[in-house]
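# A look at the structure
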Amino acid sequence: MLDILMIEDEPNIAEAVRFILTREGWQVGLHGDGLGGIEAIRSEKPRLVILDVMLPHRSGTEILAELRGDHDPGLAATPVLMLTARGQASLTLPQADAVLAKPFANDELRMMVRRMLN
């Protein structure tokens, strides 16, 4: 079972996050585009989704809204950590369980993921 699915279009960020989180023992999958993001969540059924706000073809906020409206209550309740650029940190993302502004400290990411998965 996949612990974390990260939907992030910047390969350097995605690989860095995967490296940090797999060292903690979590299974991390990556999806690099807004297109197919909700399908990836439905097929993988991760325990946590890390979702970038700015994605090509479909925004993270659109994916989050569709996830929260999913007919499967278990899937709709999947915890979501939204990643934003510093200038977007003021965005209100009420459907997200947590928001983290890029760039972030590795320890901050680990602590937030640990809290969300426990």
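Worth saying up front: this structure is predicted, and the values here are computed from it rather than measured.

### As for the overall build of the protein
A tally of helices and strands in the protein yields five helices and five strands. Along its sequence from the N terminus, the protein presents helices and strands in the succession β-α-β-α-β-α-α-β-β-α. Considering only C-alpha atoms, the protein reaches an extent of 35 × 35 × 25 Å along its principal axes. Buried positions account for 47% of the 118 residues belonging to the protein. A separation threshold of at least 6 residues defines the contact pool for the protein, and within that pool the share at least 24 residues apart is 59%. Carbon and sulfur atoms make up 52% of the accessible area of the protein, which amounts to about 6,000 Å² in all.

### Focus on the UniProt feature "modified residue: 4-aspartylphosphate" (unreviewed entry) in the protein
Mapped onto this numbering, the UniProt entry gives "modified residue: 4-aspartylphosphate" (unreviewed entry) at D52. Positionally, D52 belongs in strand β3 (residues 48-52). In this view, D52 contacts I7, E8, D9, G60, L83 and K102; residues no more than four positions away in its chain are not counted.

### What to know about the nonpolar core
Among soluble globular proteins, nonpolar side chains are generally buried collectively. Core analysis: the largest hydrophobic core is formed by 19 residues, its most contacted members being I4, L21, I50, L81, L109 and V113. Counting only elements with at least two residues in this core, the list comes to β1 (4-7), α1 (11-22), β3, β4 (80-85), β5 (98-102) and α5 (106-117). With five residues, α5 is the single largest residue contributor to this core. Setting aside anything within four residues of it in sequence, one finds I4 in contact with L21, W26, Q27, V28, G29, P46, L48, I50, V113 and L117. Judged by nonpolar contacts, the second largest core, of 18 residues, contains L51, V53, L64 and A96.

### Let's talk about the environment of E62
Looking at the secondary structure, you find E62 in helix α3 (residues 60-68). Here the alpha-carbon distance between E62 and T84, two residues 22 residues apart in the chain, equals 14 Å.

### Digging into the pattern of salt bridges
The full count for this structure, using the stated rule, is 11 salt bridges. Note that R47 and D3 form a salt bridge whose closest N and O atoms lie 2.8 Å from each other. Here R47 is found in the loop between α2 (37-44) and β3, whereas its partner D3 is found in the segment before β1, with 44 residues between them in sequence. For R47, a relative accessible area of 31% puts it in the partly exposed group. Here D3 falls in the buried class, since its relative accessible area comes to 11%. Residues K102 and D52 are paired through a salt bridge, measuring 3.3 Å at the closest nitrogen-oxygen approach. On the criterion of sequence distance, the pair formed by K102 in strand β5 and D52 in strand β3 is long-range, its members being 50 residues apart. Across this residue pair, the class does not change: K102 and D52 are buried.

### Section: the sheet that holds β4
A sheet is described by the order of its strands in space; here five strands give the open sequence β2-β1-β3-β4-β5, paired in parallel fashion. Strand pairing shows two members of the sheet lacking a second neighbour, β2 (28-31) and β5, which therefore form its edges. Each strand axis lies, on average, 20° off the axis of its neighbour in the sheet, ignoring direction. With four bridges joining them, β1 and β3 adopt parallel strand pairing. Each bridged residue has a counterpart across the sheet, and for M6 the counterpart in β3 is I50.

Criteria and thresholds
- Residues numbered from 1 in each chain as written.
- Predicted model: local features only at pLDDT ≥ 70, side-chain atom pairs only at ≥ 80, totals over all residues.
- Heavy atoms only, no water.
- Helix = DSSP H or I, 4+ residues; strand = E, 2+ residues; numbered from the N terminus.
- Buried < 20%, exposed > 50% of the residue type's maximum accessible area, 1.4 Å probe, protein only.
- Contact = heavy atoms within 4.5 Å.
- Areas by Shrake-Rupley, 256 points an atom, 1.4 Å probe, with all protein chains shown as cover.
- UniProt positions renumbered as here; feature names shortened; annotations may be inferred.
- Core = buried A, V, L, I, M, F, W, Y, C linked by side-chain atoms within 4.5 Å.
- Salt bridge = Lys/Arg side-chain N within 4 Å of Asp/Glu carboxyl O.
- Pairing = 2+ DSSP bridges.
- Axes fitted to C-alpha atoms, helices over the stretch in contact; angles between N-to-C directions.

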